[in-house]
Structure formats: structure tokens, C-alpha cells
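Summary of structural features
Single-letter residue listing:
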Amino acid sequence: MHPLSARFLVVSAGMGAGHDAVAAELVRRLEDRGQGAGRVDVLELLPHRIGAGLRSFYRTAIRRAPVVYEGIYRAFFRPGKGPRPGSAPLAALAEDRLLALVERERPDVVVPVFHLAAQLTGRLRARGALGVPSAVVVTDFAVHRQWLHPGNDLHLCVTPDAADTVRRALGRPSVATGPVVAARFFGPAHGAGRWRRRLGALAPGRPPVLLSVGAWGAGTRVADTARLVSGAGYLPVVLCGRDERLRAELSRRPEVAALGWEPDMPGLLAAVRAVVDNAAGQTALEALAAGVPVIGYRPIPGHGREGVRRMAALGLSDHARDPWELVRLLDAVTEPSGWRERRIAAGRGLFADDAVVQLTGMVARPAAR
């Protein structure tokens, strides 16, 4: 029996796959503890298909016009002096639908896992329209200002560094609970043997290295990176996500293993020696949980570049700034070494707490205003 049963509403966003993965894992953990939990996509709370348009614009900018997205990030997300544009007008459009959903669902806590959702709940809490506490699960290593709204009651962050950033900016409670990653990434991976046989048959004697470009296949010069990794004596295994055009292009190269959307990520991660990542997103976090070293290389603009740099600065990964450094780092982390063991230990040490413990604790105590 669970001494206290409550209901939680997790507010995610279908921007890639990372935020939804976090939301799904939070719901699973809450339900395992006997709590009620529901999910909603904040983009679906926006009227007139604005959310679908926003998703399409973001995907296109990240994949096809990175300079445009970098400009947007500098204007809207990075801190700066004087008046700065923000997402408050966009968040305001979703207020009525969220309040109606809260009225129907009667949650005890609302849990945003996307920055627009955090602005939405923060606004509503600040003026008393949302009568239950909001706990923001910050998924980024580098906390940009759109995550920050003083109306929210609690922030749960991936690192102590991120939690300190929130406390300094808002003066509000913030706790480092570590990333939210599915439990299957921490235990033995049942599909690892199958993946080792498959990859070993493709390139005998070549250590496999995973190249991640996210659910949308967002990355610059992915084929060049795969060629570089292959030339250094490794088998590049490229996760193309849902970008079938990229997968088709890379599949024509015999030195590359090009994969689409892969459901058995724990097995695949257990079979590779390192992950080359460009966003410090959910795949990088899953690699840390699985004990696989991560190297950031050619990060996507904005939050990707900031996250890759912050992750490396904290000693959780490495950041290759040019092709020669990428090869050197691959040679260092794919063989048994103190460097490899330190990276693995630092990554696994990040998962020190459980965000759900903090969430369920909010029901037992009044929100601090």
C-alpha cells in the first residue's frame, strides 16, 4: 500500500523525441509508486495549429537553416542586459486549455518538462490562476532563460551546476536529481549479443562507434564525420532517427551502418565503444546511464552547442573541436584506460537521485510561495 496517492500532470512537447521520453519515464515511475499520472503535449494546447507550425519551423531551422536558429537562440534564450524577447505571448495562448485540462484532471502537481510549458505554468502560478504547485523538470545541461520563471514552485535539474544556475536566477527551490532515463539503460541489455554479432559481421575487427543525430536527423556533414570515423579504423553506426533520406544516403556507403528509428537502444549502446553526439540530449544521457563514453562533435546550434560545452566542462564527456581531436579522443575512450573509466564513473555518478521522489514529496508538504 502507498501511504499517499496523488495525481500528476506531465506537460511535454513533441520537439524531437527527448522530452517525450522524459515524460513517459516520469509517468512510468509515478505509476510504479501507486500515483496517478497523465501526459499532455503543450504544443497541442496552442490553438489554430500553432503548435504544429512551431514544430515544423523548429525542425526545418535545426536541419536546414542552423544560422537562423542560432539567431533565434541568441535573441530569445541566452541571458542579456535590457529588455529581451521571450515566449510569454506564446505561452499565454495555451493558458485556457491547460486550465480546462487541470479542471477536468484535478492533478495535485503539474510537471513541465519543456521550457514553453515552464513559462506557461509559471505565468499561471504567479497570478494565482493555477491552484496546484508546478515542478519543472529541466532537461538541459545549460539552463537557458526560457526555462526560468519565478512563478514555478520547484526546479529539478540534471546537475548541481544547473540547479545552482536556477537558484541564482530565481531565488526559488532547485534540486539536482540527475537525468530522467528509463531503467532499462542501467541493467544488462538483453539485445547486446545480437547487436555485437550484427556489427561484427559488418566490419570484423573494427570497434563500433555510434553517431547520434537525434530523432530528426539534425546534424551538419554527417557523412563526412562517418567517413572520418571509418578512416580511423572504426565502424560508424549512424542513428538517422526518422530521417529516411539521410538513412538512404548513408546506406549507399559500405563503410557505414545506417540505422533508422531504433527501439532497442539499450542493446545497441551495450554493443558500441563510444557515442559521438551533437546535442547533449537524451541519447547522450542514455549513453551515460549505460556506461558508454560520450564525445561531443559538430554540435547543432543554440542549446546543442551550449549543452555539449557544459557537459564536457563538467567532466561528463569530451568535446572534439576538430577532426584530429575526434580521432584522438576516440582512440583514448574506446580502449581500456583510466580516461575511459573516469568518464564512465562520472556519467553514472550523475544519476544520484530520482526526480519522482521530489515530486511525490511535494504532495506531502505545502508549496513555498
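Bear in mind that the values here come from a model prediction, so they are computed numbers and not experimental data.

1. So, the environment of Asp318
Summarising the element assignment, Asp318 is placed in strand β12 (residues 318–320). With 42 residues separating them in the primary sequence, Asp318 and Val276 have C-alpha atoms 9.6 Å apart. Of the polar contacts made by the side chain of Asp318, one reaches the side chain of Trp339; its length is 3.3 Å.

2. Topic: the packing of aromatic side chains
Tallying each qualifying case throughout the model produces 5 aromatic pairs. For the pair Tyr58 and Tyr69, a centre-to-centre distance of 5.4 Å together with 75 degrees between the ring planes defines the contact as edge-to-face. Residue Tyr58 is found in helix α2 (residues 50–64), and its partner Tyr69 is found in helix α3 (residues 66–76); the two are separated by 11 residues along the sequence. Each member of the pair, Tyr58 as well as Tyr69, is classed as buried. Relative to Phe77, the ring of Tyr73 has its centre 5.2 Å away and its plane inclined at 5 degrees; by these criteria the two rings are stacked. Both residues of the pair, Tyr73 and Phe77, count as buried. Taken together, the aromatic side chains of Tyr58, Tyr69, Tyr73, Phe77 and Trp216 make up a single cluster linked through ring pairs. Stacked on the ring of Trp216, the Lys or Arg Arg59 has its end atom at 5.4 Å from the ring centre. Positioned over the ring face of Trp261 is Arg242, at 3.9 Å from the centre of the ring.

3. Structural notes on the sheet that holds strand β4 (residues 135–137)
Across a sheet, strands are paired by hydrogen bonds formed along the backbone, either parallel or antiparallel in direction. Judged by pairing direction, the sheet is parallel, and its 3 strands sit side by side in the order β4-β5-β6 without closing on themselves. Lying at the two open borders of the sheet, with one neighbouring strand each, are β4 and β6 (174–176). When strand polarity is set aside, the average angle formed by the axes of neighbouring strands in this sheet is 20 degrees. As paired strands, β4 and strand β5 (residues 154–157) are joined by 3 bridges and run parallel to one another. What sits directly across from Val136, in β5, is His155. Contacts between helix α7 (residues 160–170) and the sheet are confined to β5 and β6, with β6 contributing the most and set at about 175 degrees to the helix.

4. A few points about the packing of helix α5 (residues 95–105) against helix α6 (residues 115–126)
Two numbers describe how α5 lies on α6: the axes approach to 11 Å, and their chain directions differ by 75 degrees. For the element pair α5 / α6, the angle class is roughly perpendicular. Contacts between α5 and α6 involve Glu95, Leu98 and Leu99 from the former and Leu120, Thr121, Arg123 and Leu124 from the latter. Considered class by class, the residues forming the contact of α5 with α6 number 4 nonpolar, 1 polar and 2 charged.

5. Concerning the domain arrangement of the protein chain
Each assigned domain of the protein chain is listed here: domain 1 (7–181 + 352–364) and domain 2 (184–350). Of note, the centres of domain 1 and domain 2, computed from C-alpha atoms alone, are 27 Å apart. Taken together, the contacts link 28 residues of domain 1 with 27 residues of domain 2. Of the roughly 2,300 Å² buried where domain 1 meets domain 2, counting both sides, 69% is carbon and sulfur surface. If you sort the residues of domain 1 by the area they bury against domain 2, Arg63, Phe141 and Val181 come out on top, with a joint share of 29%. At the boundary of domain 1 and domain 2, one finds 4 salt bridges. As a salt-bridge pair, Glu70 and Arg305 come within 2.8 Å of each other at their nearest N and O atoms.

6. Digging into the sheet that holds strand β10 (residues 274–277)
Reading across from one edge, β9-β8-β7-β10-β11-β12 is the order of the 6 strands in this open sheet, with parallel pairing throughout. Single-partner strands in this sheet number two, and they are β9 (257–259) and β12. Strand-to-strand, the axes of this sheet are offset by a mean angle of 25 degrees, without reference to chain direction. The pairing of strand β8 (residues 235–239) with β9 spans 3 bridges and is parallel. Opposite Val237, over in β9, you have Ala257 as the bridge partner. Each of β7 (208–212), β10 and β11 (294–297) touches helix α12 (residues 282–290); the most contacted strand, β11, lies at about 155 degrees to it.

7. Examining unusual backbone geometry
Positive phi outside glycine occurs at His48, with the angle close to 60 degrees. On the secondary structure map, His48 appears in the loop between β2 (36–41) and α2. Residue classification places His48 among the exposed positions, given a relative accessible area of 73%. Backbone geometry at Arg49 places phi at a positive 60 degrees, although glycine is not the residue there. Locating Arg49 in the fold gives a position in the loop between β2 and α2. Of the residues examined, Arg49 reaches a relative accessible area of 66% and is grouped as exposed.

8. So, the pairing of β5
Of the two faces of β5, the one carrying Leu154 and Leu156 and the one carrying His155 and Cys157 are both buried. Summarising the sheet, β5 and β6 pair through 3 bridges and their orientation is parallel. Bridge pairing in β6 places Leu156 opposite Val175. For the crossover from β5 across α7 to β6, the handedness is right-handed.

Conventions we followed
- Residues numbered from 1 in each chain as written.
- Predicted model: local features only at pLDDT ≥ 70, side-chain atom pairs only at ≥ 80, totals over all residues.
- Heavy atoms only, no water.
- Helix = DSSP H or I, 4+ residues; strand = E, 2+ residues; numbered from the N terminus.
- Polar contact = N/O pair within 3.5 Å; in protein donor to acceptor, adjacent residues only side chain to side chain.
- Phe/Tyr/Trp six-rings, centres within 6.5 Å; stacked < 30°, edge-to-face > 60°.
- Buried < 20%, exposed > 50% of the residue type's maximum accessible area, 1.4 Å probe, protein only.
- Lys NZ or Arg CZ within 6 Å of the ring centre and 35° of its normal.
- Pairing = 2+ DSSP bridges.
- Axes fitted to C-alpha atoms, helices over the stretch in contact; angles between N-to-C directions.
- Contact = heavy atoms within 4.5 Å.
- Parallel < 35°, antiparallel > 145°, perpendicular 65-115°, else oblique.
- Nonpolar A, V, L, I, M, F, W, Y, C, P; charged D, E, K, R; others polar.
- Domains from an automatic or database assignment.
- Buried area = accessible area lost by both parts, 1.4 Å probe.
- Salt bridge = Lys/Arg side-chain N within 4 Å of Asp/Glu carboxyl O.
- Right-handed = clockwise from strand over helix to strand, strands pointing away.

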